[in-house]
Amino acid sequence: TNDLATGSEDEQGSEQEQTKPTKKPPGKPGKREGAKGYGRGVELAVTAERTHRPAECALCAQALAPGAPQKAWTGRYELDIAPPSSGVPGLEVTHTLHTYVECQCGCGHWTRAKPGRCADEEGWAVELTEWHLVGPALVSLICALNLRLRLSRARIREFLHDWLQVDVCTATINQCIHEAGRAVEPVVTEQIEEAVRQAELVYADETGWKQSAKRLWLWVFTCATASLFVVGQRTREVVVRVLGEQFAHWLMSDGYGVYRQYDWRLRC
């Protein structure tokens, strides 16, 4: 009887295991085949059109003649701001249609014109590309609202909607700020580093900083005329990269060991 009871329980258990739903493997990212796509819900009149065509064949490097066979293969819209053409003070919103064509060379190869795109750069997760809804002047305005007026992404979106009738999502605004940071980082950093190195007195400190789920450190080097912020590891290399091996001016810092390599140091 016990064997029969056990056997029946085993059969019930095996049946339950067979009927247990299996976890589906994760699918590929992106829109599923046949699914309805969603694009921009705002329709604006096109104020200008620009056509981009390749200058030379990508296969044989021969110049493409103006009358070479061509056809459009993709396009994009760009929102931007510009001074009014009438000369009256103010801003005008432009909505440009960019069309990219592919041309056929005499060798038979079709070459496509593509939006500009910078190569990946260490330390940056954001791309730097022309394939963007927001133009450079509008990006500059967004950065000014964020950095100079301290507006949040949501309030920037509200400002653009109320005053310029431009509708962009907070994710696009965030992307604009990050792309602008990557674009100006080489020029701005060099100028600020030079100002810090030439200062008679520099203050330095570092604190914990989380970025993209990584535990990093936020360094600050500040003087009377400039402040430099650096995100990276808590290592000696960061200090040397900013101040150099032979910093001949006064450095005020705490007792962290990496600062002790400089003789002219004030302890705060």
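What counts and what doesn't
Throughout, a residue's number is its position along its own chain's written sequence, starting from 1. For a predicted model such as this one, the threshold for reporting local features is a pLDDT of at least 70, and the threshold for listing and counting side-chain atom pairs is 80 or more; totals across whole chains, interfaces and linings nevertheless cover every residue. Just so you know, side-chain values use all the structure's heavy atoms and leave hydrogens and water out. Working definition: helices are DSSP H or I runs of at least four residues, strands are E runs of at least two. Numbering for both runs from the N terminus. A simple rule labels every residue: compare its accessible area, found with a 1.4 Å probe on the protein chains alone, to the largest value its type can have, and call it buried under 20%, exposed over 50%, or partly exposed in between. The contact criterion used is simple: two residues touch if any of their non-hydrogen atoms lie within 4.5 Å. Only protein atoms enter the 1 Å grid used here, on which a cavity is any set of points holding a 1.4 Å probe that cannot leave and a pocket is any open set flanked by protein within 12 Å on both sides along at least five of seven lines; residues with an atom within 4 Å of a point are listed as lining. Grid points are joined across faces, edges and corners, and a volume is the space filled by probe spheres set on the points. Residues are grouped as follows: Ala, Val, Leu, Ile, Met, Phe, Trp, Tyr, Cys and Pro are nonpolar; Asp, Glu, Lys and Arg are charged; every other residue, Gly included, is polar. Between the first and last residue of a helix there are one fewer steps than residues, each counted as 1.5 Å, and that sum is the expected span. One axis fitted to the seven residues ending at a residue, another fitted to the seven starting there: the angle between these axes is the bend at that residue. By definition, a salt bridge exists where a carboxyl oxygen of Asp or Glu is found within 4 Å of a side-chain nitrogen of Lys or Arg. Any pair of Phe, Tyr and Trp rings, taking the six-membered ring for Trp, is counted once the centres come within 6.5 Å. Such a pair is stacked with planes under 30 degrees apart, edge-to-face with planes over 60 apart, and tilted for the rest. Only lysine NZ and arginine CZ atoms are considered, and such an atom sits over a ring when it is within 6 Å of the ring centre and within 35 degrees of the ring normal.

A closer look at the overall build of the protein
Here is step 1 of the chain: Secondary structure assignment for the protein yields five helices and nine strands.
Here is step 2 of the chain: Considering the protein as a whole, with its 268 residues, one finds that 29% of them fall into the buried category.
Here is step 3 of the chain: Residue pairs at least 24 apart in sequence account for 51% of intrachain contacts in the protein once pairs closer than 6 positions are excluded.

Some thoughts on the layout of surface pockets
Here is step 1 of the chain: If you add up the space inside the largest pocket, you get close to 1800 Å³.
Here is step 2 of the chain: Those elements that place two or more of their residues in the lining of the largest pocket are helix H2 (136-147), helix H4 (170-198), strand E5 (201-211), strand E6 (214-222) and strand E7 (227-232).
Here is step 3 of the chain: When residues in the lining of the largest pocket are grouped by element, the largest group, nine residues, is from H4.
Here is step 4 of the chain: Its residues assigned to classes, the lining of the largest pocket comprises 17 nonpolar, ten polar and five charged.
Here is step 5 of the chain: Of the volumes computed, that of the second largest pocket is approximately 360 Å³.
Here is step 6 of the chain: Taken together, 19 residues make up the lining of the second largest pocket; nearest its centre are Leu128, Thr129, Pro136, Val139 and Glu179.

As for unusual backbone geometry
Here is step 1 of the chain: The phi dihedral of Ala61 is positive, around 65°, even though this residue is not glycine.
Here is step 2 of the chain: Residue placement: Ala61 occurs in the loop between strand E1 (48-52) and strand E2 (70-82).
Here is step 3 of the chain: A positive phi is found at Gln165, a non-glycine position, where the angle reads about 55°.
Here is step 4 of the chain: Note on placement: Gln165 falls in the loop between helix H3 (153-164) and H4.
Here is step 5 of the chain: The class of Gln165 is exposed, set by a relative accessible area of 53%.

A closer look at H4
Here is step 1 of the chain: With 29 residues, H4 should reach 42 Å at 1.5 Å per residue; the first-to-last C-alpha distance of 40 Å fits that figure.
Here is step 2 of the chain: When the local axis directions of H4 are compared, the greatest deviation, roughly 55°, occurs at Glu185, which is followed within four positions by the proline Pro186.
Here is step 3 of the chain: Buried residues belonging to H4 abut H2, H3, E5, E6, E7 and helix H5 (236-243).

Considering the pattern of salt bridges
Here is step 1 of the chain: Following the criterion strictly, the structure yields ten salt bridges and no others.
Here is step 2 of the chain: Among the salt bridges present, the one from Glu102 reaches Arg112, with a minimum N-O distance of 3.0 Å. Remark: Arg112 occurs in strand E4 (residues 110-112) and Glu102 occurs in strand E3 (residues 92-104); sequence separation between them is ten residues.
Here is step 3 of the chain: The exposure class of Arg112 is partly exposed, given its relative accessible area of 42%.
Here is step 4 of the chain: Linking Arg182 and Glu121 is a salt bridge whose minimum nitrogen-to-oxygen distance equals 3.2 Å. Placement of Arg182 in helix H4 and of Glu121 in the loop between E4 and H2 is noted, with a sequence separation of 61 residues between them.
Here is step 5 of the chain: The partly exposed category is assigned to Glu121, whose relative accessible area is 34%.
Here is step 6 of the chain: One network of salt bridges, with partners in common, ties together Glu193, Glu194, Arg197 and Arg241.

Re the environment of Met252
Here is step 1 of the chain: Within the secondary structure, Met252 is located in strand E8 (residues 250-253).
Here is step 2 of the chain: Taking the C-alpha atoms as reference, Met252 lies 6.4 Å from Cys268; in sequence the two are 16 residues apart.
Here is step 3 of the chain: If we skip the residues at most four places from it in the chain, Met252 touches Leu201, Val202, Tyr203, Ala204, Leu266 and Cys268.

Focus on the packing of aromatic side chains
To describe a pair of aromatic rings, you give the distance between the ring centres and the angle between the ring planes.
Here is step 1 of the chain: Enumeration over the complete set of coordinates arrives at seven aromatic pairs.
Here is step 2 of the chain: Ring plane angle 40° and centroid distance 6.5 Å describe the contact between Trp219 and Tyr256, whose orientation is recorded as tilted. Highlighted residues: Trp219 in strand E6 and Tyr256 in the loop between E8 and strand E9 (265-267), separated in sequence by 37 residues.
Here is step 3 of the chain: A connected cluster of aromatic rings, assembled from ring pairs, spans Trp219, Phe221, Tyr256 and Tyr259.
Here is step 4 of the chain: For Lys71, the ring lying beneath its charged end belongs to Trp110, and the centroid distance is 4.9 Å.
Here is step 5 of the chain: When the ring centre of Tyr256 is taken as reference, the NZ or CZ atom of Arg234 above it lies at 3.9 Å.

Digging into the environment of Cys169
Here is step 1 of the chain: Topologically, Cys169 is positioned in the loop between H3 and H4.
Here is step 2 of the chain: A residue is classified by how much of its surface remains accessible, and Cys169, at 35% relative accessible area, is partly exposed.
Here is step 3 of the chain: Considering only alpha carbons, one finds Cys169 and Arg157, twelve residues apart in sequence, at a separation of 6.7 Å.

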